[in-house]
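A closer look at the structure
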Amino acid sequence: MPTPDQIRLSETRMRPRVLDLWWALRPLQSVVRLINTGAHPDDETTALLAALGLRDGINLSYACSTRGEGGQNDIGTESGPALGALRTREMERACDMLNMRLYWHGTSPDDPIRDFRFSKSGEETIGIWGHDHLLHRFVEIVRTDRPDIILPTFLDVPGQHGHHRAMTQAAHEVMTAAADPDFPSALPRWQVSKMYLPAWSGAGQAYDDDLPPPDATLTVDGSGKDPVSGWSYARIGQMSRAYHRTQGMGRWVPAGSGQDWPLHLAVTHVEGPDHALTSGLASTLVDLVDEAPEIKDHLLAAHGFITETVSAFPHFTHIVATAREALKHIKQAEAGAPANIAHRLAAKHQQLAHVLRIALGVEARATTEQIWLRPGDSTTVTVEFDPGDADGASYSLELPYGWSAQDGTITTTAEAHHSDPYRAEYDPVEPPLPRISLQIDATTVAVAFEKPPVVLPDRAALIAPHAALINLRQAKRTIPVAVADVSPAGSGVSFDLPEGWSSDIDDGGLSITLPEDTDPGLYGLPLYVGQAPAMTEQRIVYDHIDPTAFSRPASLQVRVLDVEVPNDKIGYIGSGHDAVAHWLRALGADVTDLTDDQINSEAALAAFDTIVIGIFALRFRDGLVSEMPRICDWVEDGGTLLTLYHRPWDNWNPETIPPRRLEIGQPSLRWRVTDSNAEVTHLDADHSLLNTPNQITQDDWVGWIKERGLYFAKSWDAAYTPLLSMSDPGEDALAGALLTAEIGKGRHTHCSLVLHHQMANLVPGAFRLIANLITPRK
């Protein structure tokens, strides 16, 4: 694990001052603005955007509908809104790399515009998000950002993710709505000049476009290298993409690699041929003269000095002199600019100020001793400030409401708001508060804190667990709950308990005891700090993002159920991406998390009746792939193997990983059932896995959330028996959700149902089914 200083040194080495200056000069070349649109963090077309922004100087932004909270997590266990908070920060860092503004359509965890699950229909998605709500937010984004070009990432075609299709449909609508003076919005109307669609297919591992892409009307050259870094624009795009670590993004691009980007002009409001992305648009300050003849002299002068500034690289002193002159004329132009070009001049002002800071060598870094604060807390703040060659340069701290700074200490008052994990907008050159405000040459430049502190709710406590299970077939009736970091400090804590339940204070928390005759069901137990309901938070810390936290009402959810569990030894091979072993123990199963030494030993494996391989384990558990022949031999000798869902690229070789051939289907859109209420047919109702030790009935398929499953098996050896059949509305039934085969003296079962997700959400049928799946073959 690298130290904080090692991380700082690594990040600093990647961005030397000369490269920062080169990239800061790029946006000075153009006044064109382009907004890329997508449905999730990681939908942005990074390689194309890198070329447009860092080569051509086009001013970039990205509008994203959801936080991706319904997706996978390759680096941790955050899910739902907490994953959305993590992916929000990842998206912000990805934008930093491309100097790209960011707008979200869904602005809070409760917003209906969310990653509710995989969808196969744009109409379904818009119905859940709310058509008017989505369009209103989209109009706000367009009228705020004022782009000249809209570029959706995906096509609206069958076989594509419904979220993607919905965003492309909305992009067509916003072209008209944002320019409509009667649209209900307080912001001034804005006419986007052009909309392009990708003239490439979105088919791949996840999607399968049914229709061919539209014809290309122009092609953007994406080849070539950035002349200072020597990196191809494709590689720079992957550097940005690599911040989406939860999605396993970021791939190495060999030297010389690149690609062209064919685009289809779908809508235009400019005249003339469309030979280039900027055809018919005002591209430089000179092109703005016709729109603002009253400031013609300042526009022409600023353009001349900007051209000289860009050409002067890498001569820092020359750049400073000409950038100062350009900024002087931009300020004078701003004073008399009409509203229709004011945003372009404001951008040039900001860009020139940024160039001056780097060229003058002004540096500022702010760090705090504490990251996690409650209202009323204080922490030491250290500011490193080097004015470089900027005479009279100074700095101050810009702080959120309810914060103050004095004598090297930041203090939050009782009025301080807790930090927002779902910021609605983000701009790399105007980072959120708290930040450093630099005063250079009578202009201001904002610099982010290295790791901004996070303010947590004032009445709160951390509790573990948040969810618990009581199996009436087991003797256990007590749930220990750890309670920590109680705020206000010293306050008493208690749960609001159902009648007949009791609690006792233990060292470090509480113990909750249920009556022997508790009825099966789901019970919610709110936590109180003092006499008021409390909040709790999930703190999210990774070295590639700023720290964040997701807060929610503190409550313990208890599922009481009646499940027969086999009295056998279960070995679990996990990779940290699920909590299945925990839930099996909670059911009452005898579960051991297998070490590498145990997996590598025939004698150690022989001690277990059943082995469960958790989701993604073949990809993330080092050495597991090479040990699968040993595990398959163990199955032949009488062991029961349960593999939980894997993706084809999780090192799942259909010929060598399972005991008999079993191919996982892709693209996933064709091999999943997204309707969590989809009817489930038992293909072999008498099979032991559907009857022993618990009879699985239609009641066990009620109450599932998100979806039934994904990455179903596509084809399999005749040894396997499919046990279930299900489908999304209007589609053919899939039989690859649950397969089982008798292998020698043992058995292999592969389950593509999202049991781990259902158990984490205390869905009773999932517990009854997995109890059967871990029951050894007799």
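Predicted model only: the values in this text are computed from it and were never measured.

Our focus in this paragraph is the overall build of the protein chain. Looking only at helices and strands, the protein chain features 18 helices and 39 strands. Relative to a compact globule of 778 residues, whose C-alpha radius of gyration would be 28 Å, the protein chain shows 29 Å and is just as compact. C-alpha extents for the protein chain along the principal axes are approximately 90 × 65 × 55 Å. Out of the 778 residues belonging to the protein chain, those deemed buried represent 55%. For the protein chain, contacts bridging at least 24 residues in sequence account for 75% of all contacts bridging at least 6. Here the protein chain displays about 30,600 Å² of accessible surface, and carbon together with sulfur accounts for 49% of that area. In the protein chain, the 63 positive side-chain charges and the 102 negative ones have mean positions that sit 3 Å from each other.

To continue, consider the packing of aromatic side chains. Counted by the stated rule, this structure contains ten aromatic pairs. Aromatic side chains Trp22 and Phe313 sit 5.0 Å apart centroid to centroid with 50 degrees between the ring planes, which places their arrangement in the tilted category. Of this pair, Trp22 sits in helix 2 (residues 17–25) while Phe313 sits in the loop between helix 9 (296–311) and helix 10 (316–335), and the two are 291 residues apart along the sequence. Here the aromatic rings of Trp23 and Trp231 are separated by 6.2 Å at their centres, their planes lie at 55 degrees, and the arrangement is tilted. Highlighted residues: Trp23 in helix 2 and Trp231 in the loop between strand 6 (218–220) and helix 8 (233–241), separated in sequence by 208 residues. For the pair Trp23 and Trp231, one class covers both residues: buried. An aromatic cluster of three or more residues is present, and its members are Phe616, Tyr645, Trp649 and Tyr711.

Of all hydrophobic cores here, the largest spans 93 residues; its most connected members are Ile236, Leu285 and Leu299. The element that contributes the greatest number of residues to this core is helix 11 (residues 339–360), accounting for nine residues. When sequence neighbours within four positions are dropped, the list of residues in contact with Ile236 reads Trp23, Ala50, Leu54, Met97, Leu98, Asp226, Ser229 and Trp231. Formed by 77 residues, the second largest nonpolar core is a distinct cluster that contains Val635, Leu710, Ala741 and Leu773.

In total, this model carries 47 salt bridges according to the counting rule given. Close ionic contact of Arg137 with Glu140 constitutes a salt bridge, the shortest N to O distance being 3.4 Å. Here Glu140 and Arg137 lie together in helix 6 (residues 131–145), a separation of three residues that amounts to about one turn. Judged by its relative accessible area of 10%, Arg137 falls in the buried class. Glu140 gets classed as partly exposed once you look at its relative accessible area, which sits at 26%.

Moving on to the packing of helix 10 against helix 11. Look at helix 10 against helix 11: their axes get within 9 Å of each other, and the N-to-C directions meet at 155 degrees. Taken together, helix 10 and helix 11 sit at an angle that is classed as roughly antiparallel. As for the relative orientation of helix 10 and helix 11, their crossing is left-handed in sense. Contacts between helix 10 and helix 11 involve Phe316, Ile319, Val320, Ala323, Arg324, Ala326, Leu327, Ile330, Lys331, Ala333 and Glu334 from the first element and Leu345, Ala346, Lys348, His349, Leu352, Val355, Leu356, Ile358, Ala359 and Leu360 from the second. Per-class residue counts for the contact of helix 10 with helix 11 are 16 nonpolar, one polar and four charged.

What follows covers the side chain of Arg477. For Arg477, the position within the fold is in the loop between strand 19 (467–471) and strand 20 (478–487). In this structure the side chain of Arg477 is engaged in a polar contact, spanning 2.6 Å, whose partner is the backbone oxygen of Gln474. If near-sequence neighbours (up to four positions away) are discounted, Arg477 is found in contact with Ile470, Asn471, Leu472, Ile512, Thr513, Leu514, Pro515 and Glu516.

With that settled, the discussion passes to the sheet that holds strand 36 (residues 720–722). Strand order in this open sheet of seven strands is 30-29-31-32-39-38-36, and the pairing throughout is mixed. Of all the strands in the sheet, the pair left with one neighbour each is strand 30 (590–593) and strand 36. Averaged over all pairs of adjacent strands, the angle between strand axes in this sheet comes to 20 degrees, irrespective of strand direction. Along the sheet, helix 12 (residues 580–587) makes contact with strand 29 (569–573), strand 30 and strand 32 (640–644), crossing strand 30 at roughly 155 degrees. Contacts from helix 18 (residues 764–773) reach strand 32, strand 38 (738–743) and strand 39 (746–751), with the element oriented near 150 degrees to strand 39.

This next bit is on a negative patch on the surface. Taken together, Glu363, Asp386, Asp389 and Asp391 make up a surface patch of like negative charges. Topologically, Asp386 is positioned in strand 10 (residues 378–386). Accessibility expressed as a relative area gives 38% for Asp386, which makes it partly exposed.

Our next topic: the sheet that holds strand 3 (residues 101–104). What the eight strands build is an open sheet, ordered 6-7-5-4-1-2-3-14; its pairing is mixed. Either end of the sheet is taken by a strand with one partner, and the two such strands are strand 6 and strand 14 (425–426). Taken together, the two bridges between strand 3 and strand 14 define a ladder with antiparallel strand orientation. Each bridged residue has a counterpart across the sheet, and for Leu102 the counterpart in strand 14 is Tyr426. Contacts between helix 6 and the sheet are confined to strand 1 (33–38), strand 2 (59–64), strand 3, strand 4 (149–152) and strand 14, with strand 3 contributing the most and set at about 160 degrees to the helix.

When a strand is regular, its side chains alternate between the sheet's two faces. Relative to strand 20, strand 18 (residues 460–464) runs antiparallel, the two sharing four bridges. By the bridge assignment for strand 20, Ala460 is matched with Ser487. Where strand 20 and strand 23 (residues 509–513) come together, five bridges link them in antiparallel fashion. Looking at the pairing, Val481 lines up with Leu510 of strand 23.

Attention shifts here to the environment of Gly70. You can see Gly70 is positioned in the loop between strand 2 and helix 4 (80–98). Relative accessible area serves as the criterion here: at 15%, Gly70 is assigned to the buried category. Residues Gly70 and Leu98, 28 residues apart in the sequence, show an inter-C-alpha distance of 25 Å. In this structure Gly70 touches Asp115 and Lys706, once residues within four positions along its chain are discounted.

Rules used in this analysis
- Numbers given to residues run from 1 along each chain, matching the order in which its sequence is written.
- Restriction of local features to residues with pLDDT of at least 70 applies here, the model being predicted, together with a cutoff of 80 or more for giving and counting side-chain atom pairs; totals for whole chains, interfaces and linings are based on all residues.
- Excluded from the side-chain calculation are hydrogens and water; included are all heavy atoms of the structure.
- Each helix is a run of H or I in the DSSP string that is no shorter than four residues. Each strand is a run of E no shorter than two, and both are numbered from the N terminus.
- It is over C-alpha atoms that the radius of gyration is taken, and the globule rule equals 2.2 Å times the number of residues to the power 0.38.
- Buried, partly exposed and exposed residues are distinguished by accessible area as a fraction of the type maximum, computed with a 1.4 Å probe on protein chains only: under 20%, between the cut-offs, and over 50%, respectively.
- Residues count as neighbours in contact if any of their non-hydrogen atoms are within 4.5 Å of one another.
- Per-residue accessibility takes into account occlusion by the displayed protein chains alone, with areas from the Shrake-Rupley method and a 1.4 Å probe.
- We count Lys and Arg on the positive side and Asp and Glu on the negative side, and we leave His and both chain ends out.
- Here the site of a charge means NZ on Lys, CZ on Arg, CG on Asp, or CD on Glu.
- Stacked, tilted and edge-to-face pairs are distinguished by plane angle, under 30 degrees for stacked and over 60 for edge-to-face with tilted covering the rest, among Phe, Tyr and Trp rings (Trp via its six-membered ring) whose centres lie within 6.5 Å.
- Put simply, a nonpolar core is a bunch of buried Ala, Val, Leu, Ile, Met, Phe, Trp, Tyr and Cys residues held in one set by side-chain atoms that sit within 4.5 Å of each other.
- Salt bridge, as used here, is a side-chain nitrogen of Lys or Arg placed within 4 Å of a carboxyl oxygen of Asp or Glu.
- Geometry is summarised by axes, namely lines fitted to C-alpha atoms with helices restricted to the contacting stretch, and by angles between N-to-C directions that run from 0 to 180 degrees.
- Each angle is binned into one of four classes, with values under 35 degrees roughly parallel, values over 145 roughly antiparallel, values of 65 to 115 roughly perpendicular, and all other values oblique.
- Left-handed describes a crossing whose near helix is turned anticlockwise from the far helix through less than a right angle; right-handed describes the clockwise counterpart.
- When residues are sorted by character, Ala, Val, Leu, Ile, Met, Phe, Trp, Tyr, Cys and Pro go into the nonpolar class, Asp, Glu, Lys and Arg into the charged class, and all the rest, Gly among them, into the polar class.
- Pairs of N or O atoms within 3.5 Å make up the polar contacts considered here, provided that, within protein, one atom can donate a hydrogen while the other can accept it, and that residues adjacent in sequence are counted only when both atoms are side-chain atoms.
- Two strands are counted as paired when DSSP detects at least two bridges linking them.
- Grouping into patches uses exposed residues only, defined as over 30% relative accessible area, and leaves out salt-bridged ones; the cut-off is 9 Å for like charges and 5 Å for nonpolar side chains (Val, Leu, Ile, Met, Phe, Trp, Tyr).

Worth remembering: the numbers are spatial, not functional.
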